[in-house]
Amino acid sequence: MITEKELLAKIPTGLFINGTWRAAAGEKTLDVYDPATGEVLLAIADASVADGAAAMDAAAAAQASWAATPARARGEILRRAFDLLQERREEFALLMTLEMGKPLAEANGEVTYGGEFLRWFSEEAARLSGRYGVNPEGTGTMTVSLHPVGPSFLITPWNFPLAMATRKIAPALAAGCTVVLKPAALTPLTSLYFAQLLADAGLPAGVVNVVTTSSSSAVSGPIISDSRLRKLSFTGSTGVGQSLITQSAENVLRTSMELGGNAPFIVFEDADLDAAVEGALAAKFRNIGQACTAANRFIVHESVVAEFTERIVERVRAMKIGRGTEEGVTIGPLIDDRAVAKATELVNDAVERGATLHIGGAALEGPGSYFSPAVLSDVRPGSDILREEIFGPVLAIVSFSTEEEGVALANDTEYGLVSYVFTQSAARGQRMIGALETGMMGLNVGVISNAAAPFGGVKQSGIGREGGAEGIHEYLYTKYTMAPLG
Ligand code: NAD
């Protein structure tokens, strides 16, 4: 097994622009930390506005030849990248645990999930097709063809350092678009190592460019305003997404927005409680609660809420907190001390308003940004925790009596990413598909992400879909051509 030191020695620390690694202008660097220890892992290039412009130049220059590369050839590069990722699985998993804090087993799961986008879109590349027909008047032919939108700017968050990048890069490349990727400054190492993997897989220079920066707004602004850019795909918080949509208006960019969530997790009186408890633990504590799909509000029928709460508390008591590299750890550190402070404030606010805190809910002594997983019940209406995205290991429970009341509570949010429903009634399950205002739903399951499925939200959780048959269309435009018949 590779040691941490050996792995870090392999990670490129420059900017990846036009197929080469280079230092940032003025040799500026930014430090990347291990949230489990607070120590610096590596210093990497800190891009300036000029570096961002160089990346945009490279993507624009490579666009025509990449679009002209046969779809099969593009797909085969993605497939080679998938294979290389399997070979380097252990390294990518360890790297994500080091820079983001998630337990190693979950990091391994992310290598699988993130890799599936490479495989899926390697297959989709060759399946693109348009349609042809004669117009209803019988006077002309109508050809509908698909074309790459062009250079795309991809901005990713820190919580899934590999999967959020592959979920955008793979469909963009499959469609024939070149990209500039800007990963989050908190977890950029995985993207840098992944850029090297793409180069090793045979990706031509300039097709993928990676800029890491501590000045995300200053570096992104000119790229978004560049008239050669055609597409902005963003995953992150709703507030930043709203600002980026505004900026995208200038050049009427195509945008894909994967934004925040406030997922309801409804447990009906007819639920299989064993399954509901397992689903709840997965939906809440995966990634230490730091997932857009994390269940935020547990809406549990009054007849089962006491038992559900008791069983959850018992399981949370058994969770092992520690550095993600340690055997058996299920709760690693939060991403930084700000995240710990926010989780603490949300718990305190809920308790002050009358909720019962059953376990956890406090910052733990460092080094590292640790927070003890918490369970709250009887959370009162108006509590911040019901309105805000928690992004931490806090499970907040409210109860309800009728189906109408449960649905109303679930929909009482401006977000609409995912919902979870536990019921053994098929008819009720079907009713919930229609009733819940979310882009995705888990019916008797606590984890829904899959490369073959369209991932995305409604309301303020976003625009567009990633993955599935839909994902590649975010990077294609439709052209219709009319010609005389015969
Ligand atoms: P964030 O919005 O703070 O940052 C996301 C990315 O945007 C980072 O790369 C950051 O550097 C960059 N950024 C921030 N301000 C910017 C600006 N003004 N201009 C350009 N870029 C800017 O989010 P985060 O804290 O990294 O991630 C957590 C958030 O992401 C949560 O809200 C979570 O729900 C959301 N998320 C959503 C999905 C989804 O698929 N819907 C998936 C993962 C995370």
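For the structure, see preceding data.
In short, a report on the structure. (Residues numbered from 1 in each chain as written. Predicted model: local features only at pLDDT ≥ 70, side-chain atom pairs only at ≥ 80, totals over all residues. Heavy atoms only, no water.)

Some words on empty space enclosed by the protein
Under the defined criterion, the tally for this structure stands at four cavities of 30 Å³ or more. If you add up the space inside the largest cavity, you get close to 60 Å³. Every residue along the wall of the largest cavity is listed here: Tyr113, Phe160, Met164, Arg167, Arg286, Cys292, Thr293, Ser449 and Phe455. For the lining of the largest cavity, the residue count by class is five nonpolar, two polar and two charged. Composition of the lining of the largest cavity by domain shows at least three residues from each of domain 1 (4–259 + 462–481) and domain 2 (263–451). (1 Å grid on protein atoms, 1.4 Å probe; cavity = no way out; pocket = protein on both sides within 12 Å on 5 of 7 lines; lining within 4 Å. Points joined across faces, edges and corners; volume = space filled by probe spheres on them. Nonpolar A, V, L, I, M, F, W, Y, C, P; charged D, E, K, R; others polar. Domains from an automatic or database assignment.)

Focus on the layout of surface pockets
Taken as a whole, the second largest pocket spans an internal volume of roughly 250 Å³. As for the second largest pocket, its lining consists of 15 residues, and the residues nearest its centre are Pro381, Gly382, Leu386, Leu409 and Asp412. Of the residues in the lining of the second largest pocket, the class split is six nonpolar, five polar and four charged.

Concerning the pattern of salt bridges
Considering all chains together, one arrives at 25 salt bridges under this definition. In this structure, the salt-bridge partner of Glu403 is Arg431, at a minimum N-O distance of 2.8 Å. With Glu403 in helix α14 (residues 403–411) and Arg431 in helix α15 (residues 426–435), this residue pair connects regions lying 28 residues apart in the sequence. If you follow the salt bridges from partner to partner, you end up with Glu269, Asp270, Glu403, Arg428 and Arg431 in one network. (Salt bridge = Lys/Arg side-chain N within 4 Å of Asp/Glu carboxyl O. Helix = DSSP H or I, 4+ residues; strand = E, 2+ residues; numbered from the N terminus.)

Re the nonpolar core
Membership of the largest hydrophobic core comes to 131 residues, with the highest contact counts inside it found for Leu189, Phe308 and Ile385. With nine residues, the top contributor of residues to this core is helix α6 (residues 163–175). When near neighbours in sequence (up to four residues on either side) are disregarded, Leu189 contacts Leu8, Ile11, Val32, Leu41, Leu42, Ile44, Leu95 and Glu99. Grouped together as the second largest cluster of nonpolar side chains are 24 residues, Ala59, Ile223, Ile224 and Phe234 included. (Core = buried A, V, L, I, M, F, W, Y, C linked by side-chain atoms within 4.5 Å. Buried < 20%, exposed > 50% of the residue type's maximum accessible area, 1.4 Å probe, protein only. Contact = heavy atoms within 4.5 Å.)

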